[in-house]
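Each chain, letter by letter, is given below.
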Amino acid sequence: MKTPIHIAVTGAAGRIGYSLLPRIVSGDLFGPDQPVVLQLIEVPSVLKSLDGVLMELLDCAFPLLENAITTTDLEEGFRGVNWALLVGSVPRRAGMERKDLLSINGRIFVDQGRAIQRNAASDVRVLVVGNPCNTNCLIAMNNARDVPDNRWFAMSRLDENRAKVQLAEKTGRHCREVTNVAIWGNHSSTLYPDFLNARIGGRLVCEVISDVGWLRGGFIQSVQQRGSAIIHATGLSSAQSAAHAIVETIRSIAEPTSTGDWHSVSLCSDGSYGIERGLVASFPVLSREGCVEIVQGLQTDPFGQSKIAASISELREERSVIRELLKN
Ligand code: LMR
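Residues numbered from 1 in each chain as written. Predicted model: local features only at pLDDT ≥ 70, side-chain atom pairs only at ≥ 80, totals over all residues. Heavy atoms only, no water.

## A short note on the pairing of strand 3 (residues 65–71)
So, step 1. By the bridge criterion, 6 bridges tie strand 2 (residues 36–41) to strand 3 in an arrangement that is parallel. Each bridged residue has a counterpart across the sheet, and for Val37 the counterpart in strand 3 is Asn67.
So, step 2. Chirality of the crossover, the property in question, places the unit of strand 2, helix 2 (residues 47–59) and strand 3 among those that are right-handed. (Pairing = 2+ DSSP bridges. Helix = DSSP H or I, 4+ residues; strand = E, 2+ residues; numbered from the N terminus. Right-handed = clockwise from strand over helix to strand, strands pointing away.)

Structure below.
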């Protein structure tokens, strides 16, 4: 029997948590023989509801669930964890941009960063999902300076998956045939889904889709606005697709990337592609032997460069709004 992996999930009683927790304990993240311990964190007002979520989970009798706790205490919640999934935050409503949540959610990530630094296992990795996830990740990372920068991630896989589906629908192909989709910048309405390097059935997208107007217009906007479209349609932000993207993000970080492909995740920029060092921005990455590396040498054109620059400029603006929260 392997040593269990300890996983903290914040906002565990929320809708994403409800879709995510059974996936974690069925082995979707770390494999069918990897036991897990869940450390489920919530705010006091929904602790009772979280206890109910845990009762249901226990009633599934999952063989991989070694133990689980519920708590409102960050120290207890992050104690000894190998992965911290920071899902909890106030979601946006119709008409809001994700960055409008910074003043409400930003401070939560100060406390969580500090508690992770004090309590987590020495190999902890963190995935931030609560919006605006890139800048919330920046806040938490800067409040846990002893945890190396390369352990911090924010989610852009949802945007990658959305882009794949749009490209597949346009060409009448299946989304499993779409590869090499890079998401650049911020998880926001400025993100840039890179069609120049993407492939369908092994061929460059631009060789398969001649409608450049759609690629530069409708395609990009549909990916940028998909979160808003879901909120508009359902009155609630995405949960099932977000939970699935969490599963795929962690699996893609933990497992080696298929040859020739890459996946997208936001991480602390090392200055690659001229993106300011220290910002948490989305890049195409490869996972090898447990390390995540930014894919180097990808072709960019002036159109793509201007889109990436706009998204990075938004990340700088967000940072200037929360600068006070970066001082620990
Ligand atoms: C999404 O992209 O669906 C999530 O980030 C939720 C949101 O606010 O759009």
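## Quick look at helix 10 (residues 240–254)
Three or four residues apart is the spacing at which side chains of an α-helix point the same way, because the helix has 3.6 residues per turn.
So, step 1. End to end, helix 10 covers 21 Å across 15 residues, agreeing with the expected 21 Å (1.5 Å per residue, within 8%).
So, step 2. Of the positions making up helix 10, those classed as buried are Ala242, Ala243, Ala245, Ile246, Val247, Glu248, Thr249, Ile250, Ser252 and Ile253. (Expected span 1.5 Å × (residues − 1). Buried < 20%, exposed > 50% of the residue type's maximum accessible area, 1.4 Å probe, protein only.)

## Topic: the domain arrangement of the protein
Reports of interface size often rely on the accessible area that becomes lost once the parts have come together.
So, step 1. Looking at the protein, the domain boundaries give domain 1 (5–154) and domain 2 (157–318).
So, step 2. At the interface, 34 residues of domain 1 touch 38 residues of domain 2.
So, step 3. Roughly 2900 Å² of surface becomes buried between domain 1 and domain 2 when both sides are summed, with 61% attributable to carbon and sulfur atoms.
So, step 4. When residues of domain 1 are sorted by the area they lose upon contact with domain 2, Arg15, Arg98 and Asn134 head the list and together hold 21% of the total.
So, step 5. For the pair domain 1 and domain 2, the interface holds 14 residue pairs in polar contact (both at pLDDT 80 or more).
So, step 6. Elements supplying a minimum of two residues to the side of domain 1 that touches domain 2: helix 1 (15–25), strand 4 (83–86), strand 5 (125–128), helix 5 (133–142) and strand 6 (152–154).
So, step 7. Among the residues forming the side of domain 1 that touches domain 2, the class breakdown is 20 nonpolar, 4 polar and 10 charged. (Domains from an automatic or database assignment. Contact = heavy atoms within 4.5 Å. Buried area = accessible area lost by both parts, 1.4 Å probe. Polar contact = N/O pair within 3.5 Å; in protein donor to acceptor, adjacent residues only side chain to side chain. Nonpolar A, V, L, I, M, F, W, Y, C, P; charged D, E, K, R; others polar.)

## Digging into the pattern of salt bridges
Oppositely charged side chains can pair when the atoms bearing their charge come close.
So, step 1. Here the structure, examined in full by the defined rule, presents 16 salt bridges.
So, step 2. Between Asp211 and Lys170 there is a salt bridge, with the nearest N and O atoms lying 3.2 Å from each other. Taken together, the residues Asp211 in the loop between helix 7 (205–208) and helix 8 (212–224) and Lys170 in helix 6 (residues 157–171) connect sequence positions 41 residues apart.
So, step 3. By relative accessible area, Lys170 is classed as partly exposed at 37%. (Salt bridge = Lys/Arg side-chain N within 4 Å of Asp/Glu carboxyl O.)

## Examining the environment of Ser282
So, step 1. Mapped onto the elements of the fold, Ser282 is located in strand 13 (residues 280–288).
So, step 2. Given the relative accessible area of 1%, Ser282 is considered buried.
So, step 3. For the pair Ser282 and Trp184, spaced 98 residues apart in the sequence, the C-alpha separation amounts to 4.7 Å.
So, step 4. Within the local environment of Ser282, its side chain forms a polar contact with the backbone oxygen of Ile183, the two atoms lying 2.6 Å apart.

## Notes on the sheet that holds strand 4
Consider a sheet: its strands pair through backbone hydrogen bonds, and that pairing is either parallel or antiparallel.
So, step 1. Strand order in the open sheet formed by 9 strands is 3-2-1-4-5-6-12-13-14, with mixed pairing between adjacent strands. Looking at strand neighbours, the two that pair on one side only are strand 3 and strand 14 (291–294), the edges of this open sheet. Averaged over all adjacent pairs, the angle separating strand axes in this sheet is 30 degrees, with direction ignored.
So, step 2. Bridge count between strand 1 (residues 5–10) and strand 2: 6 bridges; the pairing is parallel. Across the sheet, residue Ile5 finds its bridge partner in strand 2, namely Val36.
So, step 3. Running at roughly 175 degrees to strand 4, helix 4 (residues 102–119) makes contact with strand 1, strand 4, strand 5 and strand 6 of the sheet. (Axes fitted to C-alpha atoms, helices over the stretch in contact; angles between N-to-C directions.)

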